[in-house]
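Each chain, written out:
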Amino acid sequence: QVQLVESGGGLVQAGGSLRLSCSASRPIFTINTMAWYRQTPGKQRDLVAQITRGGTTNYADSVKGRFTIYRDNAKNTVYLQMNSLKPEDTAVYYCNAKGFISTQGDYWGQGTQVTVSS
């Protein structure tokens, strides 16, 4: 089990940058996959970026070249650096942890709002 707390959201103008943080209550090296998702009202929750314990990353096509997911194992934190933000990036961003060394699991943070104005 793990508790996830997101931070770093806010209001930014198009072209600006934000860095989201996801702080986990357990060592993230014990988690198989961590990811960022985003969701707007009436829409499904879509994968934005993910990173495995081995360091493999994947990104949604819509954010490739603009967003970067990375981690600091010592701080039990996963980050999402968002550059060149567009109004279409406006959403609630959620941190997800799935799969653990010793057990199964799928956990979500409460989300952090990102609003990009034109």
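Rules and cut-offs
- Residues numbered from 1 in each chain as written.
- Predicted model: local features only at pLDDT ≥ 70, side-chain atom pairs only at ≥ 80, totals over all residues.
- Heavy atoms only, no water.
- Disulfide = S-S within 2.5 Å.
- Helix = DSSP H or I, 4+ residues; strand = E, 2+ residues; numbered from the N terminus.
- Buried < 20%, exposed > 50% of the residue type's maximum accessible area, 1.4 Å probe, protein only.
- Pairing = 2+ DSSP bridges.
- Axes fitted to C-alpha atoms, helices over the stretch in contact; angles between N-to-C directions.

Draft legend 1. Quick look at the state of the cysteines. According to the stated counting rule, one finds one disulfide in the structure shown. Here Cys22 pairs with Cys95 through a disulfide, and the sulfurs are 2.0 Å apart. Its S-S torsion of about -80° marks the bond between Cys22 and Cys95 as left-handed, since a negative value means left-handed. With a gap of 73 residues between them, Cys22 in strand β3 (residues 18-24) and Cys95 in strand β9 (residues 91-100) connect regions that are remote in the sequence. Residue Cys22 shares its accessibility class with Cys95, and that shared class is buried.

Draft legend 2. Spatial organisation of the sheet that holds β3. Spatially, β1-β3-β8-β7 is the arrangement adopted by the four strands of the open sheet, whose pairing is antiparallel. Here the strands that pair on one side only, and so sit at the sheet edges, are β1 (4-7) and β7 (67-72). The sheet shows a mean angle of 15° between the axes of neighbouring strands, direction not considered. Where β3 lies against strand β8 (residues 77-82), six bridges are found, and the strand directions are antiparallel. Bridge pairing links Ser23 to Thr77 in β8.

Take it as geometry only, folks, not as evidence of what the structure does.
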